[in-house]
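Analysis of the macromolecular model
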Amino acid sequence: MLRRVTTPEGGATGRTPTSREPLVVMSGVDKHFGDLHVLKGVDLVVGRGEVLVVIGPSGSGKSTLCRTINRLESIDGGSITIDGAELPAEGKELARLRSDVGMVFQSFNLFAHKTVLENVTLGPTKVRGVKKADADRRGRELLERVGVGHQADKYPAQLSGGQQQRVAIARALAMEPKVILFDEPTSALDPEMISEVLDVMTDLATSGMTMVVVTHEMGFARKAADRVVFMADGELVEQADPETFFTAPRSPRAQDFLSKIFTH
Amino acid sequence: MEPVLDNLDLYVSGFWRSLEIVLWAAAGSLALGILLAAFRVSPVPVLQRLGALYVATIRNTPLTIVLFFFAFGVPAAFGVTWDFFALGTVGLVVYTAAFVCESVRSGVNAVDAGQAEAARALGLTFRQNLSLVVLPQALRTVVPPTGSVIIAMIKNSAVVGAIGVSGDLFSAYRRMASALGYERLPSIAGTAVGFLVMTLTAGAILMVVERRMAVSR
């Protein structure tokens with residue numbers, strides 16, 4: 001199970017495209033779902049303050065890659081470190097490490113039985129031990145920042161998808177994470193709500209937050225990413241700055257993918 | 001119904017005794033059942049297996065056997081000197097908890113997996129995840145089936161009387177029919193009415209709980 005698979009085209013561009021201090025370091029990460037080899041010896045470094053956008057066809061393993069970073073998916077081989085610390089297997093240590101890694105899901109996953117404000121304060125009060133009054137104040141600030149301040153006392157089901165996703169971002173921010181993972185954050189949204197979420201994410205990117213974003217939103221990738229990683233069949237096929245990637249993709253697979261996306 | 005009315009005291013005191021058994025057993029089986037459900041959904045294989053083994057053993061054993069085991073087997077084997085009331089109640093708790101466990105587990109499984117994932121991603125521990133995020137949502141859907149389990153338990157408590165607890169509703173019937181020599185039919189009918197008061201009240205309480213939980217969503 002622990003066999004290392006080297007990627008023949010993985011080094012299409014250099015492996016150290018960032019001069020930033022490394023925050024998330026994945027090396028030789030292997031993952032199988034039964035017979036399916038979803039991650040094939042993935043090496044990836046995310047620098048502090050970097051905005052990394054992961055794109056690729058569906059089934060390429062990009063969501064899985066994102067989810068292994070906080071071990072929502074376990075890995076079969078290789079290693080992942082966050083800020084120098086290896087991800088522990090399970091238990092309290094892992095929980096503590098996860099609290100430093102924010103996550104925004106495709107399906108929002110707001111706690112259905114808690115108000116919007118409680119969603120944002122649950123982590124700080126229960127995991128960080130922040131006092132309720134302080135957590136409430138900070139929570140309202142964050143909700144204000146993502147533009148849903150007046151919805152604080154409603155339940156998630158009473159909000160639109162775009163509003164829910166912005167609350168989810170505020171919930172992640174409330175933990176003051178070192179990095180936030182976005183797993184296709186706009187894929188479940190109606191078209192008119194996508195931009196309100198992307199605007200919040202763009203603001204976040206400009207503010208210096210470290211972000212790993214799995215998305216199909218090429219506009220966002222172009223505008224906000226420091227680096228684009230193209231994945232296919234469980235391998236990192238190509239990585240480059242967005243301008244280079246979108247105007248002059250080098251690998252045939254990336255060229256093919258982009259031509260399919262930009263034909264209409 | 002005259003014999004019952006003439007001996008109403010006997011039935012009323014029997015009712016309170018039975019209610020005592022029922023309340024202790026309900027509290028105990030809910031607590032143990034939720035704990036077992038937590039075992040079964042925990043990420044720890046040993047706990048999972050322990051929970052599964054418990055359910056498989058107890059759920060597939062007849063109630064009378066479980067009760068006889070606690071009423072006669074346990075005192076004989078371990079020198080326990082509790083009275084029948086305590087032993088019978090423990091037996092009822094042990095039996096009912098298996099069903100509560102499965103009912104609660106079905107509720108946990110009905111909660112969207114994303115809820116637990118979001119909680120894990122925030123850094124909540126398994127216990128916090130369960131108690132703060134998953135169980136509060138699961139318990140909502142679990143009220144009707146667990147209510148049925150508890151009502152079945154109320155009825156099963158008659159068997160605790162049958163194995164020898166004195167002074168409960170069932171022994172009121174026995175006393176009426178044998179020691180006092182009344183006719184059996186009205187005597188047992190009095191006992192049945194006593195149980196109906198408990199089960200119908202439980203049903204009404206359940207409806208209120210269900211409505212309350214629906215509102216607070």
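Residues numbered from 1 in each chain as written. Chains lettered and ligands numbered in written order. Predicted model: local features only at pLDDT ≥ 70, side-chain atom pairs only at ≥ 80, totals over all residues. Heavy atoms only, no water.

Observations regarding the packing of helix α6 (residues 113–122) of chain B against helix α7 (residues 126–162) of chain B
All names here are of chain B. Interaxial distance between α6 and α7 falls to 10 Å at its minimum, and their mutual angle equals 165°. Relative to α7, the element α6 lies roughly antiparallel. Classified by chirality, the crossing of α7 by α6 is right-handed. Residue-level contacts link Gln115, Ala116, Ala119 and Arg120 of α6 to Asn129, Val133, Val134 and Gln137 of α7. For the contact of α6 with α7, a count of residues per class yields four nonpolar, three polar and one charged. (Axes fitted to C-alpha atoms, helices over the stretch in contact; angles between N-to-C directions. Helix = DSSP H or I, 4+ residues; strand = E, 2+ residues; numbered from the N terminus. Parallel < 35°, antiparallel > 145°, perpendicular 65-115°, else oblique. Left-handed = near helix turned anticlockwise from the far one by under 90°. Contact = heavy atoms within 4.5 Å. Nonpolar A, V, L, I, M, F, W, Y, C, P; charged D, E, K, R; others polar.)

A closer look at the packing of aromatic side chains
In total, this model carries nine aromatic pairs over all chains according to the counting rule given. Each ring, one from B:Phe72 and one from B:Phe84, has its centre 5.5 Å from the other, and the planes form 75°; the classification is edge-to-face. You can see B:Phe72 sitting in helix α4 (residues 63–78) and its partner B:Phe84 sitting in helix α5 (residues 84–110), a full 12 residues away along the chain. Take B:Phe84: its relative accessible area is 29%, and that puts it in the partly exposed class. Aromatic ring contacts, followed pair by pair, group A:Phe230, A:Phe245, A:Phe246 and A:Phe257 into a single cluster. Positioned over the ring face of A:Phe111 is A:Arg171, at 4.6 Å from the centre of the ring. (Phe/Tyr/Trp six-rings, centres within 6.5 Å; stacked < 30°, edge-to-face > 60°. Buried < 20%, exposed > 50% of the residue type's maximum accessible area, 1.4 Å probe, protein only. Lys NZ or Arg CZ within 6 Å of the ring centre and 35° of its normal.)

Notes on the pairing of strand β7 (residues 179–183) of chain A
Residues in a regular strand project their side chains so that they alternate between the two faces of the sheet. Residues and elements named next belong to chain A. Of all five residues in β7, five are buried, a share of seventy percent or more. Burial along β7 is two-sided: the face carrying Val179, Leu181 and Asp183 and the face carrying Ile180 and Phe182 are both buried. Across four bridges, strand β6 (residues 101–104) lies against β7 in parallel orientation. Bridging from a neighbouring strand, Met103 pairs with Leu181 of β7. The pairing of β7 with strand β8 (residues 210–214) spans five bridges and is parallel. Note that in β8 the partner of Leu181 across the bridge is Val212. Chirality of the crossover, the property in question, places the unit of β7, helix α6 (residues 191–206) and β8 among those that are right-handed. (Pairing = 2+ DSSP bridges. Right-handed = clockwise from strand over helix to strand, strands pointing away.)

Considering helix α3 (residues 116–126) of chain A
Burial runs high along α3(A): eight of the 11 residues are buried. Every buried residue of α3(A) is accounted for by A:Val116, A:Leu117, A:Asn119, A:Val120, A:Thr121, A:Leu122, A:Gly123 and A:Pro124. Looking at the packing, one finds that the buried side of α3(A) touches α4 (132–145) and α5 (161–174) of chain A together with α6 and α7 of chain B.

Thoughts on the environment of B:Arg184
For B:Arg184, the position within the fold is in helix α9 (residues 184–215). You can call B:Arg184 exposed: its relative accessible area is 51%.

Re the nonpolar core
A:Val24, A:Met26, A:Leu44, A:Leu65, A:Leu181, A:Val212 and B:Val133 are the most contacted members of the largest nonpolar core, which has 90 residues in total. No other element matches α7(B), which puts 13 residues into this core. Not counting residues within four places of it along the chain, the set of residues in contact with A:Met26 comprises A:Val42, A:Asp43, A:Leu44, A:Leu65, A:Thr68, A:Ile69, A:Ser79 and A:Ile80. Residues A:Val148, A:Ile194, A:Ala224 and A:Phe257 belong to the second largest nonpolar core, which totals 51 residues. (Core = buried A, V, L, I, M, F, W, Y, C linked by side-chain atoms within 4.5 Å.)

Describing the interface of chain B and chain A
When the parts come together, some accessible area is lost, and that loss is often what is quoted as the size of the interface. The interface of chain B with chain A comprises 20 residues on the first partner and 23 residues on the second. Interface of chain B and chain A: buried area, both sides summed, is about 1800 Å²; carbon and sulfur atoms make up 61% of it. On the chain B side of the interface with chain A, the three residues burying the most area are B:Arg120, B:Ala121 and B:Leu122, jointly 31% of the side's total. Joining chain B to chain A, the criterion identifies one salt bridge. Linking B:Glu117 and A:Arg67 is a salt bridge whose minimum nitrogen-to-oxygen distance equals 2.5 Å. (Buried area = accessible area lost by both parts, 1.4 Å probe. Salt bridge = Lys/Arg side-chain N within 4 Å of Asp/Glu carboxyl O.)

So, empty space enclosed by the protein
The final tally for this structure, using the stated rule, is two cavities of 30 Å³ or more. Of the pockets and cavities examined, the largest cavity occupies roughly 70 Å³. Around the largest cavity, the lining residues are A:Arg98, A:Ser99, A:Val101, A:Gly102, A:Met103, A:Phe105, A:Arg171, A:Ala172, A:Met175, B:Ala118, B:Ala121 and B:Leu122. In terms of residue class, the lining of the largest cavity is made up of eight nonpolar, two polar and two charged. (1 Å grid on protein atoms, 1.4 Å probe; cavity = no way out; pocket = protein on both sides within 12 Å on 5 of 7 lines; lining within 4 Å. Points joined across faces, edges and corners; volume = space filled by probe spheres on them.)

Regarding the pairing of strand β10 (residues 235–240) of chain A
All names here are of chain A. In terms of burial, β10 is a largely internal element, six of the six residues being buried. Where strand β9 (residues 227–232) and β10 come together, five bridges link them in antiparallel fashion. In the strand pairing of β10, Ala232 is matched with Glu235. Connecting β9 to the next strand, β10, in antiparallel fashion are two residues, including Asp233 with a positive phi near 50°.

What about the layout of surface pockets?
Empty space within the largest pocket amounts to approximately 710 Å³. As for the largest pocket, its lining consists of 24 residues, of which B:Pro43, B:Thr125, B:Phe126, B:Arg127 and B:Asn129 are closest to the centre. Broken down by secondary-structure element, the contributors of at least two residues to the lining of the largest pocket are α2 (92–98) of chain A together with α5, α6 and α7 of chain B. In terms of residue count, α7(B) provides more of the lining of the largest pocket than any other element does, five residues in total. Considering only residue class, the lining of the largest pocket consists of 13 nonpolar, five polar and six charged.

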